[in-house]
Amino acid sequence: MKFSIPVPASGSALVRSRGFWLSVLLLALLLAFGVIVARSGPLAPTRVTVAKVGEGAITPALFGIGTIEARRAYLIGPTTAGRVLRVLVDVGDRVKAGQLLAEMDPVDLDERITALDASLARAGNAVTASEAQRRDAEARNQLAGINARRYKDLGDKKFVSSSAVEAKLQEEISARAGLNAAEANLSAARQDTLRLGAERDGLRQQRGNVRLLAPSDGVITARDAEPGSTVVAGQAVLRLIEPASLWVKTRFDQGRSAGLALGLPAEIALRSDPARALSGKVVRVDLLSDSVTEERIAQIAFDTLPEGISLGELAEVTLKLPTIEAKFLVPNASIKRRGEQVGVWVHRSGAAHFVVVKPGKASLGGQVEIVDGLGEGDQVIVHSEREITADSRLKVVESLAGAGK
Amino acid sequence: MQTFGIKIEGLSKRYGTGDTAVDALKDVNMTVAPGEVVGLIGPSGSGKSTLLKCLGAVIEPTAGRMTLGDEVIFDDAWRISDLRALRRDKIGFVFQAPYLIPFLDVTDNVALLPMLAGQPNAASRSRALELLTALDVAHRAKAQPSELSGGEQQRVAIARALVNQPPVILADEPTAPLDSERALSVMRILNRMAQQYRTAVIVVTHDEKIMPTFKRIYHIRDGRTHEEVGEGKSL
Amino acid sequence: MINLAGRDILHSWGKFAFTGIGLGLLIGATLTMAGVYRGMVDDAKVLLTNSGADLWVVQKDTLGPYAESSSLHDDVYRSILGMPGVAQAANVTYLTMQVRRGDNDVRAMVVGFEPGQPGEPGYLTAGRQITRSHYEAVADVKTGFQLGERIKIRRHEYTVVGLTRRMVSSGGDPMVFIPLKDAQEAQFLKDNDAILNERARTAANPGLNRPGVPGLLEAIQASQASNRNVNAVLVRVRDGETPDEVAAGIRRWKHLQAYTRAQMEEILVAKLIATSAKQIGMFLVILAIVSAAIVAFIIYTMTLGKIREIAVLKLIGTRSRTIAGMILQQALGLGLIGFVVGKIAATFWAPAFPKYVLLETGDALRGFIAVMLICALASTLAIRAALRVDPATAIGG
C-alpha cells in the first residue's frame, strides 16, 4: 500500500511522514485504549448524584388499601329451621323498616294456635263453673254458720241435745271446708286460663317470627334462599345493608401506621375510578389488629357518598398527617443501612463518609426528616451506580438516568 | 582493502555418490586480479552457476583451493568457520534481478549490511549515500525500490554489493534484462567501481552485447574452464 | 541497528492493520467470552451482596431460594428474630415471571421485600425508595422501565418510583422490587378462571359445604385464596457475631436450613454456573486454538511471500537469527495490534449483550500474555521455513 503524499526531497522528512504518522496513530489507539480502561469497567470512578440537605415542610401520610363495606349489615333469617314459603323482595330493592321481606312456612303453627284457642275457651268455662260452685259453697257455709249458732244457743238453753249441737257444729266446719275447696278450684281454673293464654301468646309470637321483617331502611344485597328451600336457624335468606352507612375498611401496615388517629382527613381512590378523588375521614380505629398480616384496621367514612360504588370494591386510602416543619430533609434514596446502623453517605472533600443519623417522619413523596446527625449545608449522596464504600472514587454528576449495565 | 583478488586452483564439485554422481566442476582454475573485470561465459548446465555458488561460499566444493586476497578460504575443506560473515564482508553479490528489499528505501537497502553488522546508522547511511552518488542515483536516495526504473534498481544493487568494500564481486547475469545502452552503462559502472575500489569482479553472462567489454574471458563447458583473451573494448 | 520487522510493518502497514483488526476481532470475541463467564459469576455474587444478608434461611433440605424453590411460613421470621446473634430477620419472596408494560412484557425476577430490612435495594440510580405499602415498585434499569411508568404484575398495576442498577438474578434477569404482601399475592394468586374453578370445586365437596354450618364454605374459600408463605428469611447478624455460629443455631430447628454467604456462593457458582462454565471454558480453548492457527497461517503466508528476499538476505550475509527475529517481531507486533483492537472492540460491544459481561483487567493481562505466547509459538512454523531457505537459490540457473 502506498501513501499518496508526495515524496519530499529531504531524507529525514520522509521517515518522519510515514513512520511518524503511523506512530501517532498507534499512540492515539493506545490512548483510546487507556481512556476506555479508565472510564468504564472496574477501574472507573463511581458516578453519584448529591443533594444538599433541605429544609422545609413535609406532610407525612399513611397509605393503606381498603375494601368498601357496610357499617350496618343485616342477615335476615329464621330463628328456627324451616322451609321458605315466599320471598317478596329481590337484590337491589329498597325496603323500609318493618316491611315484610319474606315468610317461612308456618307448618302446623296455625293449627296449634287454634287448638290452644279452644283450650282457652274451655278453661274460661271451667272458671265460670268454679265460680258458681264457690257461690254455692259460700251460701251453704253461711247457712251452716247460722244453724250452728242457733243450735248452740238452743243447746245452751237445754232445748236440744248436745249431739244435735255437735252435729250442727260439724256441718259448719264441713261447709267451711267446702268453701275453701271451691275457692281453690276457682284459683286453679283461673291459673289454667292464664297458662293456656300464655301458651297461645307464645305460639302467636312464633307465628310472628315466621314473617321476616326489615329491621331498618336499606337495600337488599343478597337473596340467598328461594321459596321451597330449607334453611337452618342462623342461615340468611336475605342480606340487607343501609347504603348510607358504607365505609372503607382500610388496613395499614403496623410498622408504618404511626399517627393513625380518629378524625384524620383521608383521600380515597376507588379501584373502579382511580381518577376521581374522594374525600373522607377516619371514623374509627379498631382496637383489634390483625396479628397474622401485621396490619392495623381503621374505618374511613366518605364525606359525600359517591354513586355507583359496590361492596367489596378496593380503594386506596391516603391519610394526611399534620404537616411538620423539618429542619433537615433528605431524599429517602440516600438513607442506607450498614450492619445495624442507619445513616447516610455524606459527600465531603471528594470522598464519602458514613454518618449515622436518626430519621424522623417521612412523606409519601420520599422526603425524610433527619432528627439527628446532619448539619446545615451537608451534601448527601442520593443516587449511585454501585454500592459505595469509604474508599470509593466518586464523580458527581447531574443525573444517572440511562446509566448502562 | 585486499591486495590480491581471487585465485581458484583445481576446484571440483561432485553431486551425489556412486553411479549417479555428477561432476559439475572439474579441476577449475581461475585468477582475477584486484580491479579486474573478467567474464565467465558458458551455456546453461555448464556449471557456471555451480562455480558462482562455490565462489560465493554457499555450497561446499568437493576439492580444490580458493584464495581470497591473501586468505585461503577453502583447501579441500572450508578454512573459514563463519561463511556468512565471509559473504557479508568479503563478497558482494549482484544478481540477475536487483532483488532489493522492497520494504526498505534505497538508502537503507544499501546501508543494510553495515547496519546489521552493528555499525552506527548515520555512518552506514552516509557511506551508502556516497556510493549512490558515485552511481548517479543519489536523487533517488529516499525512494522506495518499487518507484525506480530497472536500470536505477540495478545501480542500487551494485551500490549494495559495494557497501562493505568487498575484495570480490560476483555478478550473475547483471545485464540480462537490460537493453544495450543500459547494459553497457552497467558494465561501465562495474569497471569504474572495480578500479576505484580495487575489487575483483567476476561477471557470469551470456549476453552478447557486453562480451566485447571484457579484457579476459573464462569459457566454461562441462565443468571445465579455459581462459581466453577478450576484446577489451573501452567503455 | 535497523529494525527489519518495523520497516516491513511500516511499508505494508495497511495489510498489517487489516490483518491485525481481523485478528483483533477474534481476540475480542475470546475476551468477551471470558467476560461472559465472569459476568455470570458476578451476577451470582452481586445477587448475594445486594440482598444485604449474612444468612439465608430456607426450607430444610433445599438449596434455595435461588437454586431451588423453597417455601416457609411467613411467621417463621419472628422466631428467628428471637435467636441470639440475630440483628434483623425479614421475609423475602422471589419469583421469576413476565412483567407487562403496555403491549410487551419483560422477564424479571419479582422480589418481595420489607422496607428497611434485608432484601430491599441497597442503592438507587434514580427516584426514591418505596413509601406506600402497596402498588409501588423499584425496577432495575435493565428492564427498560422509566420512572413513573405503570407496569402490571399479575392482576395489579404498579408505579415505578425508583431505578437501580446491577440488581439481577443469578440467571441475569433484572429485578423488580415490590412490597412483600403484593409479592406473596402475586406468587400465589392465579387468574380469575382458575379461582372460580377452585371455588366451584370446593363448593361441590359435601364435606366442606355443609348446610348446617353457615359461613363454613366462605371461610374455607377465603383461606384458599390467601398466601401465607415466603421463599426465604434473610438474616443480618449482629456486629461481632460469626454468621456460622448463628447459622448452626438456626439449623437446629428441624424444618429449616441456613446458609452463610460462602455456602451460597458455592451453591450458585459451583452448582448453578458449573455447566455453563465448562461450556465457556471449552469454547475459550477452541477460540485460542483457532487464534493460534490463524496467526500461524498469517505469519507463514507473509513469510512465504518474502522467501526471495530472505534468500537474498541470507546470501548477502544476514544472520539467521536476524531473520528469525524479524519474523518473530512481526508476529508479536501483529499480536499486539490484535490485542489492542480486541480489547477496544470488546469494551465497546460488551454493554450491548443481554447479560452482564465483565471484562476484568486480570483477564486482559492474561489474555495479552496468552496472545503473545501464541504468536511467538505460531511464528515458529514460519521461522523454520525461513531458516530452511537455501541462500544458493538466489543465484539462479
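Residues numbered from 1 in each chain as written. Chains lettered and ligands numbered in written order. Predicted model: local features only at pLDDT ≥ 70, side-chain atom pairs only at ≥ 80, totals over all residues.

Teacher, can you tell me more about the overall build of chain C here?
Per the secondary structure count, chain C includes 12 helices and 12 strands. Here the C-alpha atoms of chain C give a radius of gyration of 31 Å, more than 25% beyond the 21 Å that 2.2 N^0.38 yields for 397 residues. Across the 397 residues of chain C, 46% fall into the buried class. Counting contacts in chain C only where the partners sit at least 6 residues apart, residues at least 24 apart contribute 78% of the total. (Helix = DSSP H or I, 4+ residues; strand = E, 2+ residues; numbered from the N terminus. Rg over C-alpha atoms; globule rule 2.2 N^0.38 Å. Buried ≥ 20, exposed ≤ 12 C-beta atoms within 10 Å, placed from the backbone. Contact = placed C-beta atoms within 7 Å.)

Quick question: what am I supposed to make of the overall build of chain B here?
For chain B, the count of helices and strands is 6 helices and 10 strands. Computed over the C-alpha atoms, the radius of gyration of chain B is 18 Å, within 12% of the 18 Å expected from 2.2 N^0.38 for a compact globule of 235 residues. The buried share of chain B, taken over its 235 residues, is 49%. Taking the contacts inside chain B whose residues are at least 6 apart along the sequence as the reference set, 69% of them involve residues at least 24 apart.

Quick question: what am I supposed to make of the interface of chain B and chain C here?
Frequently, the measure chosen for interface size is the accessible area that the parts lose on association. Taken together, the contact between chain B and chain C spans 27 residues of the former and 21 residues of the latter. Only helix H1 (48-55), helix H2 (83-90) and helix H3 (106-116) of chain B provide two or more residues apiece to the side of chain B that touches chain C. For the side of chain B that touches chain C, the element with the most residues is H3 of chain B, which contributes 5 residues. Residue composition of the side of chain B that touches chain C, by class: 15 nonpolar, 6 polar and 6 charged. (Nonpolar A, V, L, I, M, F, W, Y, C, P; charged D, E, K, R; others polar.)

Looking at this structure, how should I read the pairing of strand S8 (residues 200-204) of chain B?
Working note: regular strand, side chains alternate between the two faces of the sheet. Residues and elements named next belong to chain B. By the criterion of burial, S8 is predominantly enclosed, with 5 of the 5 residues buried. Residues Ala 200, Ile 202 and Val 204 point to one face of S8 and Val 201 and Val 203 to the other, with burial holding for every one of them. Pairing between strand S3 (residues 37-41) and S8: 4 bridges, direction parallel. Following the sheet pairing, Val 37 is matched in S8 by Val 201. Of the pairings in the sheet, the one linking strand S7 (residues 168-172) to S8 comprises 5 bridges and is parallel in character. Paired with Val 168 across the two strands is Ala 200, which belongs to S8. (Pairing = 2+ DSSP bridges.)

Help me understand the interface of chain C and chain A, please; the structure alone is not making it clear to me.
With 37 residues of chain C at the contact, the number on the chain A side is 41 residues. Broken down by secondary-structure element, the contributors of at least two residues to the side of chain C that touches chain A are helix H2 (13-50), strand S5 (126-127) and helix H11 (320-349) of chain C. In terms of residues, the side of chain C that touches chain A owes the most to one element, H11 of chain C, which gives 4 residues. Looking at the side of chain C that touches chain A, its residues break down into 14 nonpolar, 13 polar and 10 charged.

I tried to follow the packing of H3 of chain B against helix H5 (residues 150-162) of chain B on my own but got confused; where do I start?
Helix-helix packing is described using two parameters, namely the angle between the two axes and the distance between the axes. All names here are of chain B. Look at H3 against H5: their axes get within 7 Å of each other, and the N-to-C directions meet at 25 degrees. The pairing of H3 with H5 is recorded here as roughly parallel in orientation. Once H3 is placed against H5, the crossing between them reads as right-handed. Residues Val 106, Asn 109 and Val 110 of H3 form the contact with H5, whose own contacting residues are Val 156, Ala 159 and Arg 160. Its residues assigned to classes, the contact of H3 with H5 shows 4 nonpolar, 1 polar and 1 charged. (Axes fitted to C-alpha atoms, helices over the stretch in contact; angles between N-to-C directions. Parallel < 35°, antiparallel > 145°, perpendicular 65-115°, else oblique. Left-handed = near helix turned anticlockwise from the far one by under 90°.)

When you look at H2 of chain B in this model, what are you seeing that I'm missing?
Helical periodicity: at 3.6 residues per turn, an α-helix aligns residues three or four positions apart in one direction. What H2 of chain B keeps buried is the set Arg 87, Arg 88 and Lys 90 of chain B. Contact partners of the buried residues in H2 of chain B: strand S4 (63-68), strand S6 (91-94), H3 and S7 of chain B together with helix H10 (307-316) of chain C.

What is the right way to read the sheet that holds S3 of chain B from this model?
Whenever strands of a sheet pair, they do so through backbone hydrogen bonds, lying parallel or antiparallel. All names here are of chain B. The 6 strands lie next to each other as S6-S7-S8-S3-S9-S10, forming an open sheet whose pairing is mixed. On the outer flanks of this sheet lie S6 and strand S10 (224-229), each paired with one strand and no other. In this sheet, adjacent strand axes meet at a mean angle of 20 degrees when their direction is disregarded. The strands touched by helix H6 (residues 180-197) within the sheet are S3, S7 and S8, with S3 carrying the most contacts at an inclination of about 130 degrees.

Help me out: how do you make sense of the sheet that holds strand S15 (residues 295-302) of chain A in this one?
Residues and elements named next belong to chain A. One closed barrel accounts for 6 strands, arranged S3-S12-S15-S14-S13-S16; its pairing is antiparallel. Taken pair by pair, the neighbouring strands of this sheet meet at an average axis angle of 40 degrees, ignoring direction. Bridging between strand S3 (residues 61-70) and strand S12 (residues 246-253) involves 6 bridges; their strand directions are antiparallel. Directly across from Ala 70, in S12, lies its bridge partner Leu 246.

Whenever I open this one, the packing of helix H2 (residues 109-156) of chain A against helix H3 (residues 162-209) of chain A confuses me. Can you help?
All names here are of chain A. Running from amino to carboxyl end, H2 crosses H3 at an angle of 165 degrees, the nearest separation of the two axes being 7 Å. The angle between H2 and H3 falls in the class roughly antiparallel. Two packed elements cross with a definite hand, and for H2 against H3 that hand is left-handed. Taken together, the residues of the contact of H2 with H3 sort by class into 21 nonpolar, 14 polar and 19 charged.

What should I look at first to understand the pairing of strand S12 (residues 256-260) of chain C in this one?
All names here are of chain C. Summarising burial for S12: 4 of the 5 residues are buried, a large majority. When strand S1 (residues 55-59) meets S12, the two strands line up antiparallel, connected through 5 bridges. Note on S12: the bridge partner recorded for Val 58 is Gln 257.

Got a minute to help me understand unusual backbone geometry in this structure?
Note: most peptide bonds trans; most residues except glycine with negative phi. The phi torsion at Arg 198 of chain B lies on the positive side, around 60 degrees, for a residue other than glycine. Residue classification places Arg 198 of chain B among the partly exposed residues on the basis of 17 C-beta atoms within 10 Å.

Help me understand the confidence of the model for chain C, please; the structure alone is not making it clear to me.
In regions of low pLDDT, the predicted coordinates are not meant to be interpreted in detail. Looking at chain C as a whole, the pLDDT averages 87, with 99% of positions reaching at least 70. In the predicted assembly, ipTM is 0.85 and pTM is 0.71. (pLDDT = per-residue confidence, 0-100.)

How should I be thinking about the environment of Phe 214 of chain B in this particular structure?
By the secondary structure assignment, Phe 214 of chain B is in the loop between S8 and strand S9 (216-221). Considered as a pair, Phe 214 of chain B and Val 37 of chain B are 177 residues apart in the sequence and their alpha carbons are 6.7 Å apart.

Sorry if this is basic, but what is going on with helix H9 (residues 274-304) of chain C here?
Residues and elements named next belong to chain C. Helix length check: H9 (31 residues) gives 45 Å between terminal C-alpha atoms against 45 Å at 1.5 Å per residue, within 8%. Within H9, the full set of buried residues consists of Ser 291, Val 295, Ile 298, Ile 299, Tyr 300, Met 302 and Thr 303. Next to the buried residues of H9 lie H2, H11 and helix H12 (361-388). (Expected span 1.5 Å × (residues − 1).)

Sorry if this is basic, but what is going on with the environment of Leu 305 of chain A here?
All names here are of chain A. Looking at where Leu 305 falls in the secondary structure, it is placed in the loop between S15 and strand S16 (314-320). By the C-beta count within 10 Å, which is 14 here, Leu 305 ends up partly exposed. Sequence separation between Leu 305 and Leu 278 is 27 residues, and the spatial gap between their C-alpha atoms is 8.9 Å. The residues touching Leu 305, leaving out its near neighbours within four places in the chain, are Ala 244 and Leu 246.

Explain the environment of Ile 153 of chain C here, please?
Residues and elements named next belong to chain C. Within the secondary structure, Ile 153 sits in strand S7 (residues 150-153). Here the alpha-carbon distance between Ile 153 and Asp 103, two residues 50 residues apart in the chain, equals 13 Å. When near neighbours in sequence (up to four residues on either side) are disregarded, Ile 153 contacts Val 99, Val 110, Tyr 158, Ile 178 and Ala 186.

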